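# Fold and contact review
Listed here are the chains, written in short residue letters.
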Amino acid sequence: MLTELQKGHSLNTRKIVKFAEGLSQEEALFRPYDAVNNFLWNLGHVTIVRNTIIKILNPTAQLEVYENERELFGNGAALQANDAYPELDFILGHFVKRGEEINALAATVSDEHLQQESSIKIGPDPRTNEALLWFFYNHETEHLGEMKILKNLVNRLRNA
């Protein structure tokens, strides 16, 4: 039903996996200044949002969550000391797995469900499930851009 959304999530997944490639944990936690989130936080945040997308597609889904996920990466979560964060590969694995689940669910969701008002209330109400799916896809893509910039800065610092 949502082939463009599936393609978009697959592309985002490939790009983010590529950006993460070769990053050390220290580099994944790099912040160029205090007011910016690090690569790992951005990845953890879009990973938690992917669970929200799963819930939109299937409200009865049993979500897989890991310890302290919401506290570390939820909306409005304050940055913690670096040692509080899981390893980059751990978060990346959850991100990829949730993307696969999103694409599987998007292939089976009904038009009727997509057009229903969503039970998830964010932004201007009311919003359909479909509108929220696109909102969260755009949100993920914005964070992807932040992760690319952080990867580019890390690469530049390596060569400085």
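Structure report, in brief.

Rules of the game
Residues numbered from 1 in each chain as written. Predicted model: local features only at pLDDT ≥ 70, side-chain atom pairs only at ≥ 80, totals over all residues. Heavy atoms only, no water. Core = buried A, V, L, I, M, F, W, Y, C linked by side-chain atoms within 4.5 Å. Buried < 20%, exposed > 50% of the residue type's maximum accessible area, 1.4 Å probe, protein only. Helix = DSSP H or I, 4+ residues; strand = E, 2+ residues; numbered from the N terminus. Contact = heavy atoms within 4.5 Å. Phe/Tyr/Trp six-rings, centres within 6.5 Å; stacked < 30°, edge-to-face > 60°. Lys NZ or Arg CZ within 6 Å of the ring centre and 35° of its normal. Expected span 1.5 Å × (residues − 1). Salt bridge = Lys/Arg side-chain N within 4 Å of Asp/Glu carboxyl O.

### Re the nonpolar core
Grouped together as the largest cluster of nonpolar side chains are 24 residues, with contacts concentrated most on F39, L43 and L88. Those elements giving two or more residues to this core turn out to be helix 1 (3–20), helix 3 (39–57), helix 4 (69–73), helix 5 (88–106) and helix 7 (129–158). For this core, the element with the highest residue contribution is helix 3, accounting for five residues. Setting aside its immediate chain neighbours within four residues, F39 contacts I16, F19, A20, L23, A28, F30, L88, M147 and L150. By size, the runner-up hydrophobic cluster in this structure holds 18 residues, among which are L2, I54, A61 and L133.

### Side note on the side chain of E69
Counting through the fold element by element, E69 comes out in helix 4. For E69, a relative accessible area of 2% corresponds to the buried category. The residues touching E69, leaving out its near neighbours within four places in the chain, are T47, I48, N51, E64, G74 and R98.

### Section: the packing of aromatic side chains
Under the criterion given, the structure shown has four aromatic pairs. Seen from their ring centres, Y66 and F90 are 5.1 Å apart, and the 80° between their planes marks the pair as edge-to-face. Here Y66 is found in the loop between helix 3 and helix 4, whereas its partner F90 is found in helix 5, with 24 residues between them in sequence. We classify F90 as partly exposed; its relative accessible area is 38%. Sitting above the plane of the F95 ring, R50 keeps its charged end 3.7 Å from the centroid. Sitting over the ring of F135, R127 keeps its end group 4.7 Å from the ring centre.

### Some points on helix 5
When the terminal C-alpha atoms of helix 5 are compared, their 27 Å separation across 19 residues agrees well with the 27 Å that a helix rising 1.5 Å per residue should span. By the burial criterion, the buried members of helix 5 are L88, I91, L92, H94, F95, R98, G99, I102, N103, L105 and A106. Along its buried surface, helix 5 packs onto helix 1, helix 2 (25–28), helix 3, helix 4 and helix 7.

### Some remarks on the environment of S119
Relative to the elements of secondary structure, S119 occurs in the loop between helix 6 (111–115) and helix 7. When its relative accessible area of 66% is taken as the criterion, S119 is described as exposed. A sequence separation of 69 residues divides S119 from R50, and the C-alpha atoms of the two residues are 16 Å apart.

### Examining the pattern of salt bridges
A full pass over the atoms with the stated rule returns six salt bridges. One salt bridge in this structure joins R158 and E27, with 2.7 Å as the shortest N-O distance. Placement of the pair is R158 in helix 7 and E27 in helix 2, with a sequence separation of 131 residues. Measuring nitrogen to oxygen at the nearest pair gives 2.7 Å for the salt bridge that ties E64 to K97.

Honestly, that's just the spatial picture; any functional story needs more than this.
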